[in-house]
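# Reading the structure
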Amino acid sequence: MKQVIVITGASSGFGALAARALAKAGHIVYASMRETTGRNIKQVESVKQFAADNKVDLRTIELDVASQESVDAAIQLIVSQNGRLDVIIHNAGHMVFGPAEAFTPEQLAEIYDVNVLSTQRVNRAGLPVLRKQGRGLVIWVGSTSTRGGTPPYLAPYFAAKAGMDALAVSFAGELARWNIETTIVVPGAFTSGTNHFAHAGSPEDKSRLKEYEFGPTANLAKEIMKGFELTAAVDGDVSDVAKAIVKVVDMPFGTRPFRVHIDPANDGAEIVNGVADRVRAELLRSMKLADLLGPSSTEALSQKASWGLTECNREKR
């Protein structure tokens, strides 16, 4: 079934790849980004060319996740053009690299804004549409850093991604009775195919940073990057993240998994998340709130039965 989809942070990386893959799968896709007439004008032209070459419905839309006004306008435009919105994909994010102490509190707030508060702005604009429709899907592009093995020097980013994951889990339960599904896509570290490390921000407190560049941590930054190279899977393909998102979108309503991991390096996040998600499910069942584990409409339940979704599979929710 053709879905109307908006994806944030789609100028590059996971967002751009997912937008193109979803469009090729037959969906109407809005690749959102800011400054579509400024610094991202080349990305806009690239999207237009891709859509023309592949005869797909892929569109760009101005959407600054840091502005509620911009988010509201984008969602309103999408609904006015299509009469509906089916899928919201939270992908916008920004990475920083350096010793935690050298980042100012204001920088941490900025990283939290991009990675966490942005999702709240988009949800407040888009969820009323999905709830009114009585159907929808929200996909959160997270990170294995929230519960996997994590090195130092990425603290602000890791903390923000953990915050986003916690928000996603809570939203999932609150939206279930509205027949809105949630899937958290959890990519591992890909050292190529994205601009995460190339565009990573650095600490503003240069004097504090300089202190860490001498003494016992003089070479730590280089050692961490070398460690990423050592642990990165040789066959890791960043396009697998886009393929996973397409697979989730294309699954029948009521059958989508709560969490999907794409981690060639296998850093352990899938194991830890599995325990955490099981504990969440057990608590909700004990509280007699098991229906919050996913949509419980007659349609959703019948589709689950027809697809043979077992209780074992549901534990993943």
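These notes cover the structure that comes with them. None of these values were measured; they are calculated from a predicted model.

## Topic: the overall build of the chain
Secondary structure summary: the chain contains 11 helices and seven strands in total. Whereas a compact globule of 317 residues would reach a radius of gyration of roughly 20 Å, the chain reaches 20 Å, a difference of no more than 12%. As displayed, the chain offers around 15100 Å² of accessible surface, 54% of which is attributable to carbon and sulfur atoms. Where the 35 positive side-chain charges of the chain centre and where its 35 negative ones centre are 6 Å apart.

## A short note on helix α4 (residues 105-133)
Between its terminal C-alpha atoms α4 stretches 40 Å, which fits the 42 Å expected from 29 residues at 1.5 Å a residue. Where α4 bends most, the angle comes to about 45°, and this point is D113. Positive phi appears at G134, one or two residues downstream of α4, with a value of about 75°.

## A few points about the packing of aromatic side chains
One pass over the full model with this rule turns up three aromatic pairs. Each ring, one from F97 and one from Y153, has its centre 5.8 Å from the other, and the planes form 75°; the classification is edge-to-face. With a gap of 56 residues between them, F97 in the loop between β4 (87-90) and α4 and Y153 in the loop between β5 (136-141) and α5 (155-175) connect regions that are remote in the sequence. In this structure Y153 comes out as buried when scored by relative accessible area, which is 9%.

## Some thoughts on the sheet that holds β5
With parallel pairing, seven strands are arranged side by side in an open sheet as β3-β2-β1-β4-β5-β6-β7. At either end of the open sheet lies a strand with only one pairing partner, and these are β3 (58-62) and β7 (259-262). Strand-to-strand twist of the sheet, defined as the mean angle between neighbouring strand axes without regard to direction, takes the value 20°. Direction of pairing for strand β1 (residues 4-7) relative to β4: parallel, over a ladder of three bridges. When the sheet's bridge partners are listed, V6 is paired in β4 with I88. The strands touched by helix α2 (residues 41-54) are β2 (28-33) and β3; relative to β3, the strand with the most contacts, the crossing angle is about 160°. The sheet contacts of helix α8 (residues 239-250) involve β1, β4, β5, β6 (180-187) and β7, and relative to β5 the element is tilted by about 160°.

## Here's the deal with the packing of α4 against α5
Their axes nearest at 8 Å, the elements α4 and α5 cross at an angle of 20°. Classified by the angle their axes make, α4 and α5 are roughly parallel. α4 and α5 meet at a crossing whose hand is right-handed. In this structure, α4 uses L108, I111, Y112, N115, V116, T119, Q120, N123, L127 and R131 to contact α5, whose residues at the interface are P156, Y157, A160, K161, G163, M164, L167, F171 and L175. Taken together, the residues of the contact of α4 with α5 sort by class into 12 nonpolar, five polar and two charged.

## Points about the pairing of β3
Pairing of β2 with β3 involves five bridges; the strand directions are parallel. Looking across to β3, one finds that M33 is bridged to E62. As for the winding sense of the linkage, the β-α-β connection from β2 through α2 to β3 is right-handed.

## What about the environment of S170?
Looking at where S170 falls in the secondary structure, it is placed in helix α5. Put simply, S170 and E62 are 108 residues apart on the chain and 28 Å apart in space, counted from C-alpha to C-alpha.

## Concerning the nonpolar core
V6, L85, L127 and L130 are the most contacted members of the largest nonpolar core, which totals 44 residues. Looking at this core, the elements with two or more residues in it are β1, β2, α3 (68-82), α4, β5, α5, β6 and α7 (220-231). The element contributing the most residues to this core is α5, with nine residues. Those residues within four positions of V6 in sequence are excluded, and the remaining contacts are Y30, S32, L63, I75, I78, L85, V87, I88 and I89.

Calculation notes
Residues numbered from 1 in each chain as written. Predicted model: local features only at pLDDT ≥ 70, side-chain atom pairs only at ≥ 80, totals over all residues. Heavy atoms only, no water. Helix = DSSP H or I, 4+ residues; strand = E, 2+ residues; numbered from the N terminus. Rg over C-alpha atoms; globule rule 2.2 N^0.38 Å. Areas by Shrake-Rupley, 256 points an atom, 1.4 Å probe, with all protein chains shown as cover. Lys, Arg positive; Asp, Glu negative; His and termini not counted. Charge placed at Lys NZ, Arg CZ, Asp CG, Glu CD. Expected span 1.5 Å × (residues − 1). Bend = angle between axes of the 7 residues up to and from the residue. Phe/Tyr/Trp six-rings, centres within 6.5 Å; stacked < 30°, edge-to-face > 60°. Buried < 20%, exposed > 50% of the residue type's maximum accessible area, 1.4 Å probe, protein only. Pairing = 2+ DSSP bridges. Axes fitted to C-alpha atoms, helices over the stretch in contact; angles between N-to-C directions. Contact = heavy atoms within 4.5 Å. Parallel < 35°, antiparallel > 145°, perpendicular 65-115°, else oblique. Left-handed = near helix turned anticlockwise from the far one by under 90°. Nonpolar A, V, L, I, M, F, W, Y, C, P; charged D, E, K, R; others polar. Right-handed = clockwise from strand over helix to strand, strands pointing away. Core = buried A, V, L, I, M, F, W, Y, C linked by side-chain atoms within 4.5 Å.

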